[in-house]
Protein chains: 2
Amino acid sequence: MSAPRQNHRIRIYEDIRARIQRGEIRRDDRLVDTAIAAERGVSRMPVREALMQLASEGYLEGTSRGFTLPNMEPERIREVFVLRRLLEPYAAASAAQSCDAQAIAVMGQAVEDAAATLVSDDVTEFYRASEVFRNTWLGAVPNTELRQTILRYMAQVQSVRFATMRDPLAHQIIVDGQRGLLEAFRRHDALAASERMLRFVMQGEESFARLNAEARPESLQSKRAG
Amino acid sequence: MSAPRQNHRIRIYEDIRARIQRGEIRRDDRLVDTAIAAERGVSRMPVREALMQLASEGYLEGTSRGFTLPNMEPERIREVFVLRRLLEPYAAASAAQSCDAQAIAVMGQAVEDAAATLVSDDVTEFYRASEVFRNTWLGAVPNTELRQTILRYMAQVQSVRFATMRDPLAHQIIVDGQRGLLEAFRRHDALAASERMLRFVMQGEESFARLNAEARPESLQSKRAG
DNA sequence: CCATCTGAAACTGTATACTGTTTGGGGGTG
DNA sequence: CACCCCCAAACAGTATACAGTTTCAGATGG
C-alpha cells in the first residue's frame, strides 16, 4: 500500500497478486518468467522468484510450462467452505467489536455500490465493491494470524468467487448478506455478526453447489456410480 | 517421503524444514545461502530459493543478515492459540471418524513413548513422539485444506512448543491430553475427540501463559503501564 | 576511556549464461 | 486418415558474476 519502493521481486510479486485478485488473469493464461521479465525490462530472476512465491502461497500453480491459476476441484472448494464456517463467524464477531467509524463508512459505501450493480448488472464493479467490503471488515480483525489465514485461502478460490458472482440469484443473496453484516457491524453487535457471517458462508456454499450441479451434472452421476 | 529424487531447491528445502521441525536450528543460528551452498557443493541460487520459500511460509524470518527462526512475540502465540481453538476440535473430530487401525496403533505407540519420557526426562524423545502423534492424527483428517492450514501455523510456533515441553508440569499435562485424545480416537468418538482437543489446546494456552509470565514478569507491568 | 568515523567484509539482489528436460508440431510411414 | 518418431523451440533449473547495501571492527580524535 504505502511502500512500493521495494526491490524488483517484491514489486513484481505485489503487482501480479493484485492482478490475480482483480480477476485479470484468466484460466488459460500462462505466466512465464522470461516473457514478464522482457515486458518489465528486468532479468528472469526477480520474476521467477515472485512467481514461485505466489505458487507456494496457492495463488498460482507451477506447471512444467509456465504458471497458471490453480485448478480448483469442487472437492477443494468444499474443503475451503469448511474452513470458512469455522473461522469467519469468529472473525466477523471480533471485527464487529473493534471496527471504527471510518471502516463502517467505507463498508457502507461498498454495500451501496454492490447493491447498485443489481440494477446495472456490472459484474466487475460488483466484484470490486465486494472486495472492498471484505478487505475492510477483515482489516478490522485484530488477530493478524487469523486475518492472514483467511486471506490466504480466499486468494486461492478467487476465480470461483468471480464465477459465482455472475449468477443473478447469487448476486442478490450476496448483497443481502452484505447488508445484514453491515447492520451488525454498525451496531458493534458481535453475536449478530457471527450469526450473519455463518449464514452468509453457508448460503455461499449452497450457491456453489447449485452452480456446480448445473455446470456439470455428470459429476453427480459419477458420484452415484462410485 | 517417497521421492527425494527432486531438484536441488526442493531437496534443500525439505532438508532444512525437517531440521527446523526437529528443533535442530537454534534461535541464534543464522542461515546464509552462501554458507549452505558451500557445504552442499551447489551454487547460491537453489539454497536462496529454498530459504525464501521457508521464510514465506513462516518457518524462517528473513533479515538483512541471513535467515533466522521467527521472533515469536507472545501476542502472536496467543493469536495462534485462537486459531487452534477454532480449528483443531473440528479437525480432531473428523480424524476420529476416519482414522484406521494402523493410525491408531502408531498413535498408541507414540503416546507410550511420550509417557515413558515422564520418567526418563528425555525431552528430545518426548518431542519426537509428540510429533509422531500429531502428524498421525492430522494425517487422518480428510480435509486437505484444513490439514495444511494447521500444519502451516504449527510450524511457525515450533520453537515455542519445544520450549514448553521442557517444563515438567506441561510435560505431564501434554501426556495426559494425548492419552485422552487417543482414547477418543480408539472409540471413533468424534464428540469426545472434539472436546478433548479443545481442552488440550486451552491447557496448552494456560501453560504458555504461565511460562511466559515466569520468564518475563516485566511484560505484565508494561501492559499495566500502557 | 568513550564516542564517532570509516572501510573492508558479509550479504542481498539482480543480470547473464549455460544445461537439462519437456512439449508440440512437422514429416514420414502404415 | 491415423499413428509414430524425431527435433527444434520453449522453458525450468543452476552456476557465476557483479553491484548495491548493511554491519562491525578497528582506527581516530576528543
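Residues numbered from 1 in each chain as written. Chains lettered and ligands numbered in written order. Predicted model: local features only at pLDDT ≥ 70, side-chain atom pairs only at ≥ 80, totals over all residues.

**Student:** Kindly report on the overall build of chain A, identifying the contributing residues and their values.
**Tutor:** When helices and strands are counted, chain A shows eleven helices and two strands. Taken over C-alpha atoms, the radius of gyration comes to 19 Å for chain A, in line with the 17 Å a tight globule of 226 residues would show. Projected onto its principal axes, the C-alpha coordinates of chain A cover approximately 55 × 50 × 35 Å. In chain A, which comprises 226 residues, the share counted as buried stands at 32%. (Helix = DSSP H or I, 4+ residues; strand = E, 2+ residues; numbered from the N terminus. Rg over C-alpha atoms; globule rule 2.2 N^0.38 Å. Buried ≥ 20, exposed ≤ 12 C-beta atoms within 10 Å, placed from the backbone.)

**Student:** Can you explain the protein's contact with DNA strand D? Please cite residues and give values.
**Tutor:** The immediate surroundings of DNA strand D are formed by 16 residues, with B:N7, B:H8, B:R9, B:V42 and B:S43 found nearest. Along the lines of polarity and charge, the residues of the surface near DNA strand D split into four nonpolar, seven polar and five charged. (Near = placed C-beta within 6 Å. Nonpolar A, V, L, I, M, F, W, Y, C, P; charged D, E, K, R; others polar.)

**Student:** How would you summarise the interface of chain A and chain B if you had to cite specific residues and measurements?
**Tutor:** Residue-level contacts link 19 residues of chain A with 19 residues of chain B. Of all elements in the fold, only α3 (44-56), α4 (74-98) and α7 (144-156) of chain A reach the threshold of two or more residues within the side of chain A that touches chain B. The biggest single contributor to the side of chain A that touches chain B is α4(A), with eight residues. Along the lines of polarity and charge, the residues of the side of chain A that touches chain B split into nine nonpolar, five polar and five charged. (Contact = placed C-beta atoms within 7 Å.)

**Student:** Would you mind going over helix α5 (residues 101-120) of chain B in detail, with residue names and values included?
**Tutor:** Residue and element names in this part refer to chain B. Compared with the 28 Å implied by 1.5 Å per residue over 20 residues, the 29 Å span of α5 between its first and last C-alpha is a close match. Restricting attention to buried positions, one finds in α5 the residues M107, A110, V111, A114 and T117. All buried residues of α5 lie within an arc of 110° about the axis, which places them on one face of the element. When the buried face of α5 is taken as reference, the exposed residues oriented beyond 90 degrees from it are A101, Q102, A105, V119 and S120. Of the surrounding elements, those touching the buried residues of α5 are α6 (123-139) and α9 (168-186). D121, located one to two residues past α5, shows a positive phi value of around 60°. (Expected span 1.5 Å × (residues − 1). Arc of directions from axis to C-beta.)

**Student:** Tell me about the domain arrangement of chain A, residues and numbers included.
**Tutor:** Residue and element names in this part refer to chain A. Assigned domains within chain A: domain 1 (8-68) and domain 2 (74-220). For domain 1 versus domain 2, the separation of C-alpha centres amounts to 26 Å. Grouping the amino acids of the side of domain 1 that touches domain 2 by side-chain chemistry returns two nonpolar, three polar and two charged. (Domains from an automatic or database assignment.)

**Student:** Give a detailed account of the protein's contact with DNA strand C, specifying residues and quantitative values.
**Tutor:** Around DNA strand C lies a shell of 16 residues, among which A:N7, A:H8, A:R9, A:V42 and A:S43 are the nearest. Elements supplying a minimum of two residues to the surface near DNA strand C: α1 (8-21) and α3 of chain A together with α2 (33-40) of chain B. A per-element tally of the surface near DNA strand C places α3(A) first, with three residues. Considered class by class, the residues forming the surface near DNA strand C number four nonpolar, seven polar and five charged.

**Student:** Report on the confidence of the model for chain A, specifying residues and quantitative values.
**Tutor:** When the pLDDT values of chain A are averaged, the result is 91; 93% of them are 70 or greater. The complex prediction reports pTM at 0.87, with the ipTM value standing at 0.84. (pLDDT = per-residue confidence, 0-100.)

**Student:** Lay out unusual backbone geometry in plain terms, naming residues and giving numbers.
**Tutor:** Residues and elements named next belong to chain B. A positive phi angle, near 60°, is found at D121, a position not held by glycine. Note that D121 resides in the loop between α5 and α6. Its 11 C-beta neighbours within 10 Å are what place D121 among the exposed residues. Within the chain, H188 stands out as a residue other than glycine whose phi angle is a positive 50°. Along the chain, the position of H188 falls in the loop between α9 and α10 (190-215).

**Student:** Give me the lowdown on the packing of α3(A) against helix α3 (residues 44-56) of chain B, citing residues and values where you can.
**Tutor:** Axis separation between α3(A) and α3(B) bottoms out at 10 Å; the angle between their running directions is 40°. With respect to each other, α3(A) and α3(B) are oriented oblique. The two elements α3(A) and α3(B) cross, and the hand of that crossing is right-handed. On α3(B), the residues touching A:E49, A:M52, A:Q53 and A:S56 of α3(A) are B:E49, B:M52, B:Q53 and B:S56. Considering only residue class, the contact of α3(A) with α3(B) consists of two nonpolar, four polar and two charged. (Axes fitted to C-alpha atoms, helices over the stretch in contact; angles between N-to-C directions. Parallel < 35°, antiparallel > 145°, perpendicular 65-115°, else oblique. Left-handed = near helix turned anticlockwise from the far one by under 90°.)

**Student:** Can you break down the relation of the copies chain A and chain B residue by residue, with the values?
**Tutor:** A rotation about an axis combined with a shift along that same axis relates the two copies of the chain. Each copy superposes on the other: chain A lies on chain B with an RMSD of 0.1 Å after a rotation of 180° and an axial shift of 0.1 Å. Expressed as a symmetry operation, the mapping of one chain copy onto the other fits a two-fold axis. A share of 100% of the interface residues of chain A reappears at the interface of chain B, consistent with the copies meeting face to face through the same patch. (Least-squares fit on C-alpha atoms with pLDDT ≥ 70 in both.)

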